[in-house]
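Inside the fold
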Amino acid sequence: MDEALNRKLRILADAAKYDASCASAGAKKRKAGPNGLGSTSGNGICHAYTPDGRCVSLLKILLTNYCLYDCAYCINRRSSNVERARFAVNEVVRLTIEFYKRNYIEGLFLSSGIIRSADYTMEQMILVAKKLRKDEGFAGYIHLKTIPEASPWLIEQAGLWADRLSINLELPTQESLKAYAPEKDSASITRAMGQMGERIAESRAEKSRHARKFAPAGQSTQVIVGADATNDADMLATSARLYDSYALSRVYYSAFSPIPEASSALPAKPPPLQRENRLYQADWLFRYYGFAVDEIASGGEGGMLDLEIDPKLAWALKNRDRFPVDVNMADREALLRVPGLGVRAVDRIIAARRHATLRLDDVARVCAGLKRVRPFIIAADWRPTAETDRADLRQRLAPQPTQLSLF
Amino acid sequence: MDPTAHQHIQLNGGADLQGFRQALRILSWSNIPNHQINWSANTAPDLFGGGQLPSSYGAAGKPIILPRAVADLIRLVVCHSDPEKYALLYELVWRMRRPKNPETHLHEVASDKLVAKLTAMAKSVRRDLHKMHAFVRFREVNDPEIGPRFVAWFEPDHFIIEETAQFFVDRFPSIDWAILTPKGSLWWDKSELAIGPPGTRADAPEFDAFEIGWRTYYESTFNPARTNLNQMRQHMPKKYWRNLPETQAIPQLVHAAASRVDRMIEQEAAIPVKRNPAKAVAAMAEQGPASLAELNQIIAKADPFVEGSARAVLGEGPIHPAIAFVGEQPGDQEDLQGRPFVGPAGQLFDRALEQAGIDRTKAYITNAVKHFKFVQRGKRRIHQSPTAGEIKHYRWWLQKELDFVQPRLVVALGASAAHALEGKALTIRDHRGVHTFPGEGQAGFITVHPSSLLRQPTPDDREREYAAFVRDLACIRDLIA
């Protein structure tokens, strides 16, 4: 690989890394024809992990980091002095194919700074995806970032080539968006999300084999945590609304991360990364565990989630009258609320108790650890008696502080 | 087979699924309890011989029926490196099928010790498979005889190479590749898969021209402000690192991370040095077509949203007309000639227009869907109705087109056109006649598509429907008069 291309790759990968989404999941099972390349499995594969612990699944790059927008939170805003570069369409195609052949990646995640106009930029991105599919017979994963200000017919085209589309909301409220991202407007973001959501739903309902698929892996979005004053409860309410209204596959929460050339409009220090983690846990709770957003928020204080313990445990500690729950009798909804029992553990318990009566040891074999579960359940040979009501239960269950590591 | 005697079963090394399945059938039909069986396997995996039991076991037993979940569990656990696997699997099958007190649903009791152990073994194999899919790294070599070939060296924990082969075949059908492991090798020549003997690291190439780029990517996509080594090690355990070229960058990345973050936080944003693209920012808003001709260029250039012809049939007629007619989509003739309403339905439409006293050349005529959607049957191209999603794909263009054309009255010919103009499905039967379309309250009219007249079952029906259509057109003529 020549030095000029390597330089572009360095700049344009660095410029793209603040997008948290890297998933290659959600695509239908698919494989290339005999002369093509690539497959998707539905679950996605992480091909490497960097020292930040995040997965590398897709070649996540910008087509260019030249940008006419001036969003305060973004390293590529026009008023930043960051080093700039621009890929040619063919260079992105070649990098994707050569990386894919060596099994480095599941596919491409392409975003871009806005050059000339939203339409022009979107057309260039679509061209990359179309060349991969048509000229290279590429059946791997493609995620395209949609530019909400682009003409609607371009969004229709993007969905024909991409597995997933996404528009980043970035800031959860209209006021923040106005203050930090003057060229963006929330009306065009919601309009484009609505258009994509509608088309994704229609395409999924389509019975005919011949009908062309539209973004079969759905759409996702990202919100930045800790750049503005929005609290966790409002953040989660925004997410819940997005999942409902636009059939989103995922909302990504990205803790605001200090960037080189930061704008003075932003806080200098990042929020604790744990906050991002707690939001993901809460997100899971309302999507898969039957919790309502305000129930989750009630586990914390003042609209912020508890940073020390996970939101399910926090809720349980404040609702001790709902426990203990009998693993041999309780319905699925009640079991899903037990701290330490995941969806899979609950399903295993329900299947097993049809044929056997479960003791504490039996529960231990289907879940990840008894310590957190024990105070909240009843088993054939186990009652927590006073344990559920102990005043120091929180201290006993909260993770012990670990010594900070030096490197 | 004597059900009371102790049995010794010798299977091949590695993952001998075939041998185990055969033994399972014979032992299970003979009702031999698990504690009477002594399982052993050859030390070296034998990837060439099929599992063969001594002839004294008699002919292979007939198949036994097991729940799908158990069959899947066996397939995975047989790959495990623990030689105990066969004894544990047989114990499960025995307990599920023994003549006295069979535990028919044992596999569903995840809390049972044996089931928990087998589930954990299957999980370990599944993880190994997943890591192999993820962490195989091919390097390109130029073989003077076959051209480029992609070769990888990988060290799996379990005997998974046969189980994983299909994944790589599906993914890389059009390239020559080989995966070498200490437990056997896979070879693909673009048409056949071969399973070969174990390889060594020295057999695999040491260099690949794209690894520089891959390492650049790995380094650049790392965010030093989020360093989290435990999480990295949890997902990418150190035992894999020596075969992953990118991991050479880790020590340096970790070492520099803290100082990079400090610098970012300390460094104030500098005033932009030279870029102030005020003109470009102002020009950014002027996107999208400025005229009907420009829009038509965009449509003509774009890929079709339907399976069929790639030729876009554009609207035709004067700007600011009294009437714009919107049909469904071009048909065979329209696609060949590149003009709307020129096929059999178009000719019928012309006749009806003339009878109603409307001059076609003074009206604007277009379609909701701009491409001919069809399936090929022999030499014929059979028209296919557009789906709701397809109509909506084209809807933005139609809206923009009518914005430029600005007709006084828009006439939807048929349900697809009405759907496109309304934004949702409308039945002709309920909405035929004068209609206001959304947007700025576009005055409109809904009637049938002329092709529906051609599909009437009897000449009488056809006559009646044609007359009704002409009456609609006459009504339209009066509306704009």
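Since the model is a prediction, treat every value here as computed from it, not as a measurement.

About the thresholds
- Residues numbered from 1 in each chain as written.
- Chains lettered and ligands numbered in written order.
- Predicted model: local features only at pLDDT ≥ 70, side-chain atom pairs only at ≥ 80, totals over all residues.
- Heavy atoms only, no water.
- Helix = DSSP H or I, 4+ residues; strand = E, 2+ residues; numbered from the N terminus.
- Rg over C-alpha atoms; globule rule 2.2 N^0.38 Å.
- Buried < 20%, exposed > 50% of the residue type's maximum accessible area, 1.4 Å probe, protein only.
- Contact = heavy atoms within 4.5 Å.
- Areas by Shrake-Rupley, 256 points an atom, 1.4 Å probe, with all protein chains shown as cover.
- Lys, Arg positive; Asp, Glu negative; His and termini not counted.
- Charge placed at Lys NZ, Arg CZ, Asp CG, Glu CD.
- Buried area = accessible area lost by both parts, 1.4 Å probe.
- Salt bridge = Lys/Arg side-chain N within 4 Å of Asp/Glu carboxyl O.
- Polar contact = N/O pair within 3.5 Å; in protein donor to acceptor, adjacent residues only side chain to side chain.
- Domains from an automatic or database assignment.
- Pairing = 2+ DSSP bridges.
- Right-handed = clockwise from strand over helix to strand, strands pointing away.
- Disulfide = S-S within 2.5 Å.
- Patch = residues over 30% accessible without salt bridge, like charges linked within 9 Å, V, L, I, M, F, W, Y side chains within 5 Å.
- Axes fitted to C-alpha atoms, helices over the stretch in contact; angles between N-to-C directions.
- Parallel < 35°, antiparallel > 145°, perpendicular 65-115°, else oblique.
- Left-handed = near helix turned anticlockwise from the far one by under 90°.
- Nonpolar A, V, L, I, M, F, W, Y, C, P; charged D, E, K, R; others polar.

1. Structural notes on the overall build of chain B
The helix and strand tally for chain B stands at 17 helices and 14 strands. Scaling as 2.2 N^0.38, a compact globule of 481 residues should have a C-alpha radius of gyration of about 23 Å, whereas chain B reaches 36 Å, well beyond that. Seen through its C-alpha atoms, chain B measures out along the principal axes to roughly 100 × 75 × 55 Å. The buried share among the 481 residues of chain B stands at 51%. When contacts within chain B are restricted to residue pairs at least 6 apart in sequence, long-range pairs at least 24 apart make up 71% of them. Put simply, chain B shows about 23,200 Å² of open surface, and 51% of that area lies on carbon and sulfur atoms. Taking the average location of the 58 positive side-chain charges in chain B and that of its 55 negative ones, the two points are 3 Å from each other.

2. Structural notes on the overall build of chain A
Within chain A, the secondary structure is distributed over 15 helices and 12 strands. A compact globule built from 407 residues should have a C-alpha radius of gyration of about 22 Å, and chain A, at 23 Å, falls within 12% of that. For chain A, the spread of C-alpha atoms along the principal axes amounts to about 70 × 55 × 45 Å. When the 407 residues of chain A are sorted by exposure, 63% land in the buried category.

3. Examining the interface of chain B and chain A
Contact with chain B, which involves 92 residues of that partner, is made by 101 residues of chain A. Interface area for chain B against chain A, summed over the two sides, is near 8,200 Å², with a carbon-plus-sulfur share of 60%. The largest contributions to the chain B side of the interface with chain A come from R171, F210 and R226 of chain B, which together make up 11% of the buried area. Where chain B touches chain A, the interface holds nine salt bridges. K134 of chain A is paired through a salt bridge with D303 of chain B; the nearest N and O atoms lie 3.1 Å apart. Remark: the boundary between chain B and chain A carries 39 residue pairs in polar contact (both at pLDDT 80 or more).

4. Here we look at the domain arrangement of chain A
A common way to report how large an interface is uses the accessible area buried once the components associate. Domain annotation of chain A identifies domain 1 (3-271) and domain 2 (319-397). For domain 1 of chain A and domain 2 of chain A, the distance between their C-alpha centroids amounts to 40 Å.

5. A closer look at unusual backbone geometry
Note that the residue after F323 of chain A, namely P324 of chain A, is joined by a cis bond; omega there is 0°. You can see P324 of chain A is positioned in the loop between helix 10 (311-318) and strand 11 (325-326). If you check the backbone angles, F341 of chain B has positive phi at about 50° while not being a glycine.

6. Focus: the environment of P339 of chain A
All names here are of chain A. Along the chain, P339 falls in the loop between helix 11 (332-336) and helix 12 (343-352). A residue is classified by how much of its surface remains accessible, and P339, at 0% relative accessible area, is buried. On a C-alpha basis, the gap between P339 and S263 in space is 41 Å, while along the polypeptide they are 76 residues apart. With near-sequence residues (within four places) excluded, P339 lies in contact with K312, L313, A316, F323, R372, V373 and F376.

7. Things to note about the pairing of strand 6 (residues 107-111) of chain A
Residues and elements named next belong to chain A. Here strand 6 lies mainly inside the structure; five of its five residues are buried. As paired elements, strand 5 (residues 58-62) and strand 6 share five bridges and run parallel to each other. What sits directly across from L58, in strand 6, is G107. The parallel pair strand 5 and strand 6, bridged by helix 2 (residues 89-101), forms a crossover whose chirality is right-handed. Pairing of strand 6 with strand 7 (residues 141-145), which is carried by four bridges, proceeds in the parallel orientation. Note on strand 7: the bridge partner recorded for G107 is Y141.

8. Digging into the state of the cysteines
Residues and elements named next belong to chain A. This structure, assessed with the given rule, holds zero disulfides over all chains. Of the cysteine sulfurs around C67, a residue in no disulfide, the closest is that of C74, at 6.6 Å. C71 provides the cysteine sulfur closest to C74, a residue in no disulfide bond, and the two sulfurs are 6.2 Å apart. For C74, a relative accessible area of 25% puts it in the partly exposed group.

9. Looking at the environment of L397 of chain A
Residue and element names in this part refer to chain A. Within the secondary structure, L397 is located in helix 15 (residues 393-397). Sequence separation between L397 and R372 is 25 residues; the distance between their C-alpha atoms is 6.3 Å. Not counting the four nearest positions on each side in its chain, L397 is found in contact with L313, K371, R372, P375 and F376.

10. Focus: the pattern of salt bridges
Counted under the stated rule, the structure contains 56 salt bridges over all chains. For the salt bridge of D170 of chain B with K31 of chain A, the shortest nitrogen-to-oxygen distance reads 3.5 Å. A residue pair is termed interchain when its members come from two chains, as with D170 of chain B in helix 5 (residues 161-171) and K31 of chain A in strand 1 (residues 30-31). The partner of R95 of chain B in a salt bridge is D112 of chain B, and the shortest N-O contact between them spans 3.0 Å. Of the two residues, R95 of chain B sits in helix 3 (residues 85-97) while D112 of chain B sits in the loop between helix 3 and helix 4 (113-135), which places them 17 residues apart along the sequence. Each member of the pair R95 of chain B and D112 of chain B is classed as buried. Sharing partners across several salt bridges, the network here consists of E156, E198, R199 and E202 of chain A together with K392 of chain B.

11. With respect to the side chain of R137 of chain B
Position of R137 of chain B among the secondary structure elements: in the loop between helix 4 and strand 3 (139-143). Judged by its relative accessible area of 4%, R137 of chain B falls in the buried class.

12. Observations regarding the side chain of H419 of chain B
Residue and element names in this part refer to chain B. As for its placement among the helices and strands, H419 is situated in helix 14 (residues 415-422). By relative accessible area, H419 is classed as buried at 10%. Sequence-distant contacts of H419, that is, excluding residues within four places in its chain, are made with A388, I391, K392, K424 and A425.

13. Examining a positive patch on the surface
Taken together, the side chains of R344 of chain A together with K123, R126 and R127 of chain B present a region of like positive charge at the surface. When residues of the positive patch are assigned to their parent elements, the largest contribution, three residues, is made by helix 4 of chain B.

14. Focus on the packing of helix 3 of chain B against helix 4 of chain B
Residue and element names in this part refer to chain B. Remark: helix 3 packs on helix 4, axes separated minimally by 10 Å, with the N-to-C direction vectors making an angle of 135°. Relative to helix 4, the element helix 3 is oriented oblique. In the crossing of helix 3 with helix 4, the sense of the turn from one axis to the other is left-handed. Residue-level inspection shows K85, L88, L89, E91, L92 and R95 of helix 3 in contact with helix 4, the latter providing L114, V115, K117, L118 and M121. Tallied by class, residues from the contact of helix 3 with helix 4 come to seven nonpolar, no polar and four charged.

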